[in-house]
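Chain and residue survey
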Amino acid sequence: MEQRNWTVSIDAGGTFTDAVARHVDGRVLVAKVASTPEDPSQGLANAVTSLVEQGMPVDQVALLCHGTTVATNAVLTGNLAPVALLTTRGFRDVMGYRQSSRPSVYSLTPARPAELVERHARLEVDERLTSTGDVLTALTDDEIDRVVAEARALDVQAVAVSLLFSYLDDTHERRLGAALRAALPGIPVALSSEVAREFREYPRTATTVISAALRPVIGGYMQRAVTTLEGVGLRGSFLVMQSNGGSVPAARAEDAAHRLVLSGPAGGVAGLVAAAGRHGLQDVISLDMGGTSTDVCLVRAQRIPFTTSQVVSDHVLLAPTVDIHTIGAGGGSVTWTDQTGRLRVGPRSAKAVPGPASYGRGGVEPTITDAHVVLGTLGTDELADALVLDRDAARAAVDRIGAVVGMSTDEAAEAILAIGLAHMVRAVRKVSVERGLDPRRFTLVPFGGAGPLHAGLLLRHLGLRGVLVPHWPGLFSADGLLVAGLRLDDSQTVLTAFGDESVPRIADWFTSSAAAATGQLLRDGASRDRITVTASVDCRYLGQGYELNIALSDWNAEQLNQIPDLFHAAHAERYGHANRSEPVELVTVRIAAVGAYDRGSSGGQIPAGTGHPERAVVTHREVRIPGFASARVPIYERSLLCHGDRIIGPAIVRQMDSTTVMLEGQCAEVAEGGDLLITESKNGGDR
């Protein structure tokens, strides 16, 4: 039997499903096929088939990693499985009053957020723990029988159990869980003590409910995906990207369903850090722009930023997540007018079907993509999946909205791009300026099908240090899926003041949790010598309501005794002040265990050039870049560019998966691996 030397990563987006196959010797194959929203698993199979047709032996694939939006879409659209919630008596309505906050404080007609579980499906349990974990009301066998019988009578597809203070002692939850699993075979049961052993009642309960509601959705999709992949002959290990930037075996993805909500975008950030490392860039900002949305992430010192919670459809989700800011502005964002007659762009999207008007699939509403086609910044040449853009259809769609606001077709197209660009600029400022960081220190890395279209405009408007356009920008998120490796996260709320007694306690937790995570990674197939475990602790001043996460280099006594000093420094950096006389409270301890794997050589090497890329000019086109006069611009074919070539703007670089637009006064240099490094000409090659 031949050795399996290929790895495959596939990112299924709303419009396209992107795939990258790598061989250990550095060979790289890429594919971009139309997504199949009605059954995303078919898009997986189509992507694998495309790679096979290019020469990848499907029986030599050792590993496939998949980024999916199935969990994201289920939560955003509310297409979750019906759930029963079991909670401590008196806390049935925690899903209704949530955290007792009003998002729109001054609204006279506030919209009430949707509740995850209908009230009749919330069952109260006679049991109670104190805030120190002592038993106040014991859980009896008769009470378990009563509650299980009531749950069995409900027409639900999953059960969530979230009892008060169970993060301190999960005995009651485990007894209930065992009884429910015995009485309801085939129905997923999620326990809060297994999902999120953290305090704050509503976030913990909401996370448990979402995890339970997603399990039938994710479980069903994973079964279909495995069957479909086996149907095209692929039988290697199957991994799924999580929101934390690491992967989990598909067989266990259902149990970690709530951790898949940002599956796809997390892969792009993992690839971002790897790309920054190749070019010696410490501070970068990603701009992942697809058909529906744009994801922005700021990275300092080549370290992925994480947050311990996220808000999804007004619900708090406790799960380590790559810190990504998302806006509803993508290539397919629809242009419309509001009641005052003003032009608006997004957040509604034309999606994959019917798509922008220029796709010729029945879409009639103008989008950002159509505006680019009208202005010539996006050509009508054959793109991925044999897609040829229809400029006449794009002009007709943009002309209709232009007539409403009294603009010509070209003026309306410029206005659409200006509004879309304003959304992007605001998103970049959100993760930089609004956090006290100067974007001029950062290099932008635009990717996704539509990101590089706005590279030159963003460079000019934000005064960035430069722009790095990856070799395959439209496939960048897919390629990043195999960067991070397997990952497990664990946490435990401790709520104790820092002191001599607390240090041994949390040291024991770090040691036992790290050992358990390492054991699971070994069972998942990771090599012991490639497993790393990092620790952190959430801290606050005693009496504060919110905490800061403090990274630890180790959990030995010396490092743990430095926690107060580390917290004071972090507090001063974040808020501009620190009170070193105040006692520090340890809130939640956390570990992250990563099992790295080899995805082969980085590949992508291209031949050296002369520095003069005339050989790559395939045509010229009349282009109207917003803010500039119409001009005849050279169109470069990216596959013909060589290492060392320099392109002077205005220029357009086209390729199968994306298009890069450069403004007058900008210069691009082709790096050794094929990436484009764009700067303002006055900066020369300095980045």
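Thresholds, definitions, all that
Residues numbered from 1 in each chain as written. Predicted model: local features only at pLDDT ≥ 70, side-chain atom pairs only at ≥ 80, totals over all residues. Heavy atoms only, no water. Axes fitted to C-alpha atoms, helices over the stretch in contact; angles between N-to-C directions. Helix = DSSP H or I, 4+ residues; strand = E, 2+ residues; numbered from the N terminus. Parallel < 35°, antiparallel > 145°, perpendicular 65-115°, else oblique. Left-handed = near helix turned anticlockwise from the far one by under 90°. Contact = heavy atoms within 4.5 Å. Buried < 20%, exposed > 50% of the residue type's maximum accessible area, 1.4 Å probe, protein only. Pairing = 2+ DSSP bridges. Right-handed = clockwise from strand over helix to strand, strands pointing away. Core = buried A, V, L, I, M, F, W, Y, C linked by side-chain atoms within 4.5 Å. Salt bridge = Lys/Arg side-chain N within 4 Å of Asp/Glu carboxyl O. Domains from an automatic or database assignment. Buried area = accessible area lost by both parts, 1.4 Å probe.

Per an unreviewed UniProt entry, the protein carries the name 5-oxoprolinase and comes from Mycolicibacterium tokaiense.

1. Considerations on the packing of helix α2 (residues 70–77) against helix α7 (residues 201–231)
In contact at an axis separation of 10 Å, α2 and α7 are set at 135° when each is read in the N-to-C sense. Here α2 lies oblique to α7, going by the angle between them. Seen from above, α2 lies across α7 with right-handed handedness. Listed contacts from α7 to Val 70, Ala 71, Ala 74 and Val 75 of α2 are Ile 210, Leu 214, Val 217, Ile 218 and Tyr 221.

2. Observations concerning the pairing of strand β20 (residues 443–447)
Summarising burial for β20: five of the five residues are buried, a large majority. By the bridge criterion, five bridges tie strand β13 (residues 284–289) to β20 in an arrangement that is parallel. Each residue of the ladder has a partner; that of Leu 287, found in β20, is Pro 446. Pairing geometry for β20 and strand β21 (residues 466–469), over two bridges, is parallel. Within β21, the position partnered with Thr 443 by the bridge is Gly 466. Tracing the backbone out of β20, into helix α13 (residues 455–462) and back to the parallel element β21 gives a crossover that is right-handed.

3. Here's the deal with the nonpolar core
Counting 66 residues, the largest nonpolar core has Ile 285, Ile 416, Leu 458, Leu 641 and Ile 647 as the members making the most contacts within it. For this core, the element with the highest residue contribution is helix α12 (residues 409–431), accounting for 11 residues. Excluding its chain neighbours within four sequence positions, the residues that come into contact with Ile 416 are Thr 335, Leu 343, Val 345, Pro 366, Thr 367, Ile 368, Ala 371, Val 398 and Ile 401. With 54 residues, the next largest nonpolar core counts Cys 65, Ile 324, Phe 510 and Ile 563 among its residues.

4. A short note on the pattern of salt bridges
Taken as a whole and assessed by the stated rule, the structure comprises 41 salt bridges. The salt bridge involving Arg 119 is made with Asp 93; its shortest N-O contact spans 2.8 Å. Pair noted here: Arg 119 is in the loop between α3 (94–97) and β6 (122–125) and Asp 93 is in the loop between β5 (83–88) and α3, with a separation of 26 residues, a long-range link. Salt bridges linked by common partners bring Asp 93, Glu 115, Arg 119 and Arg 122 together as one network.

5. Points about the pairing of strand β4 (residues 61–67)
Within β4, six of the seven residues are buried, which leaves the element mostly enclosed by the surrounding structure. Here four bridges tie β4 to strand β11 (residues 237–241), and the two strands are oriented parallel to one another. When the bridges of β11 are listed, Leu 64 appears paired with Phe 238.

6. Focus on the packing of α12 against α13
Where α12 meets α13, the axes come as close as 11 Å, and the angle between the chain directions of the two elements is 55°. The orientation of α12 relative to α13 falls into the category oblique. Considering only the axes of α12 and α13, their crossing is right-handed. The segment α12 lies against α13, with Leu 421, Met 424, Val 425, Val 428 and Arg 429 engaging Leu 457, Leu 458, His 461 and Leu 462.

7. Brief notes about the domain arrangement of the protein
Each assigned domain of the protein is listed with its residue range as follows: domain 1 (6–75 + 219–263), domain 2 (78–206) and domain 3 (486–595). Taking the mean C-alpha position of each, domain 2 and domain 3 sit 28 Å from one another. The partner domain 3 presents 13 residues to the six residues of domain 2 that form the contact. Looking only at domain 2, the three residues that lose the most surface to domain 3 are Arg 197, Glu 198 and Phe 199, adding up to 66% of its buried area.

8. Overview of the sheet that holds strand β9 (residues 158–162)
The sheet built from four strands is open, its strands ordered β6-β5-β9-β10 with parallel pairing. Edge positions in the open sheet fall to β6 and β10 (189–191), since each of these has one partner strand only. Pairs of neighbouring strands in the sheet enclose a mean axial angle of 20°, with direction left out of account. In the sheet, β5 pairs with β9 via five bridges, with the strands oriented parallel. Looking across to β9, one finds that Ala 84 is bridged to Val 159. Across the face of the sheet, helix α5 (residues 171–183) comes into contact with β5, β6, β9 and β10 while running at roughly 175° to β10. Contacts from α7 reach β5, β9 and β10, with the element oriented near 160° to β9.

9. Examining the environment of Pro 354
Looking at where Pro 354 falls in the secondary structure, it is placed in the loop between β19 (343–349) and α10 (368–375). Among the residues examined, Pro 354 registers a relative accessible area of 32% and is labelled partly exposed. C-alpha of Pro 354 to C-alpha of Val 364: the two residues are 10 residues apart in sequence and 8.5 Å apart in space.

10. Points about the sheet that holds β21
On the basis of which strands lie adjacent, the open sheet formed by eight strands has the order β17-β14-β13-β20-β21-β32-β31-β28 and mixed pairing. Of all the strands in the sheet, the pair left with one neighbour each is β17 (325–327) and β28 (646–648). Each neighbouring strand pair of the sheet contributes to a mean axis angle of 20°, computed without reference to strand direction.

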